[in-house]
Structures are given as structure tokens and as C-alpha cells.
Amino acid sequence: MKKVLLLSVACVALFAVSRFGGIAKAPNYNALDGIMQKYGNEHNVQIVKIGNFMMSLGRIVTDDPESREALKSIHGIQLMDFEDCKPDLKASITGDLKTCLRDSDLLLEAKEDGETVRIYGNQSVDGKSVQDIIIYSSEGSLVCLKGKVNMSDLKVIADKAD
């Protein structure tokens, strides 16, 4: 799965550079927050929210200058893991997420071994950055990166994770 995510990030960078015209429709963060609040107390649903202050601390303690620069533009991260919850609850969460993300701009979809990973975001007109990246896995995870990320920074992050 790690390879799928890394490949996905790299493909988003390539796709965004090659894409032309229009402004992508941004994901609805209020709706995503509502979904996380709705299901956050359910059994086997884990929610982690990392705010701007903790992101600042992370940039301070990171000893790699390239990673520090790449993290500079990310103001917050939200994670939701519901992979181990009951099938009916997982189906309910998945349905709510699909409804929430259906009008968002899909930047990339990757499939491997029955798992689908979708990456949503708001790409700049010039193709040099993506704002508010949402990574959704059909296995039961959601990652929300708040902030404007340059394509070159995405490449640095993908290279470091490889």
C-alpha cells in the first residue's frame, strides 16, 4: 500500500503539471469535519488531527532542510482510520465520504489488489501547486492535508518516502 500512495503522489505531481485550464473544485472541509465528528466515537474508528502549532513544531525538529521546506506549506493534517470497524459502519462512513467528495476534483485514482486510492485536491491554474489534498483509500482510511503544496515539494516528499 505504501508503494501505491507513493506512486499516487508522484502521479498527482505529473498530472498537475500536464493538466491545463480551469480551477478545480476544492473538497468541502466542513463536511469532512462533520463526518469525522459523526463517526469519531465509534468503535475501531481513529481520528488524529494535527494543527498548525504542531506542524510548526514538526518543521523545527526536522533536521532535513528539504523536508522542512516541503512541510512549510502544510498547515494541518487530519487522519481517519476505519479499516477495522464493522462492515455496516464502514459502508456508512464510505457512503458519507463518497457523497462529500463527489463534487470535488479527482486528481488521481489508483487500483491495486482490490484497493482503490483516490486523491482529490484544488489545483492552481498554472499547475505548479495543489491546495487541500485529500487521500481516500477504499480499505478504510482518509488523509487530509490542509495547505498549498508545490509540485516540487510533492516530489521531495515522495522521494524521501521511497
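Scroll up to find the structure.
Quick notes on the rules
Residues numbered from 1 in each chain as written. Predicted model: local features only at pLDDT ≥ 70, side-chain atom pairs only at ≥ 80, totals over all residues. Heavy atoms only, no water. Salt bridge = Lys/Arg side-chain N within 4 Å of Asp/Glu carboxyl O. Helix = DSSP H or I, 4+ residues; strand = E, 2+ residues; numbered from the N terminus. Buried < 20%, exposed > 50% of the residue type's maximum accessible area, 1.4 Å probe, protein only. Patch = residues over 30% accessible without salt bridge, like charges linked within 9 Å, V, L, I, M, F, W, Y side chains within 5 Å. Areas by Shrake-Rupley, 256 points an atom, 1.4 Å probe, with all protein chains shown as cover. Core = buried A, V, L, I, M, F, W, Y, C linked by side-chain atoms within 4.5 Å. Contact = heavy atoms within 4.5 Å. Pairing = 2+ DSSP bridges. Axes fitted to C-alpha atoms, helices over the stretch in contact; angles between N-to-C directions.

## A few points about the pattern of salt bridges
Working step 1: Here the structure, examined in full by the defined rule, presents two salt bridges.
Working step 2: In this structure, Lys38 engages Asp96 in a salt bridge whose closest nitrogen and oxygen atoms are separated by 3.0 Å. With Lys38 in helix H2 (residues 29-39) and Asp96 in helix H5 (residues 87-101), this pair connects stretches of sequence that are 58 residues apart.
Working step 3: A residue is classified by how much of its surface remains accessible, and Lys38, at 52% relative accessible area, is exposed.
Working step 4: A salt bridge links Glu109 to Arg118; the shortest N-O distance between them is 2.6 Å.

## A look at a nonpolar patch on the surface
Working step 1: Taken together, Phe53, Met54, Leu57, Ile60 and Val61 make up a surface patch of nonpolar side chains, about 560 Å² in accessible area.
Working step 2: Here Ile60 is to be found in helix H3 (residues 52-61).

## Section: the nonpolar core
Working step 1: Ranked by internal contacts, the top residues of the largest apolar core, which has 18 residues, are Leu32, Val45, Met80, Phe82, Ile93, Leu97 and Leu142.
Working step 2: For this core, the element with the most residues is H5, which contributes five residues.
Working step 3: Beyond its immediate stretch of four places on either side in the chain, Leu97 contacts Leu32, Ile35, Phe82, Tyr136 and Leu142.
Working step 4: Ile74, Leu108, Ile133 and Val149 belong to the second largest nonpolar core, which has 14 residues in total.

## A word on the sheet that holds strand E5 (residues 129-137)
Working step 1: On the basis of which strands lie adjacent, the open sheet formed by six strands has the order E1-E2-E6-E5-E4-E3 and antiparallel pairing. Here the strands that pair on one side only, and so sit at the sheet edges, are strand E1 (46-50) and strand E3 (106-112). Across this sheet, the average inter-strand angle for adjacent strands is 10 degrees, counted without regard to direction.
Working step 2: One ladder, built from six bridges, connects strand E4 (residues 115-123) with E5; its direction is antiparallel. Residue pairing for E5: Gln123 is matched across the bridge by Val130.

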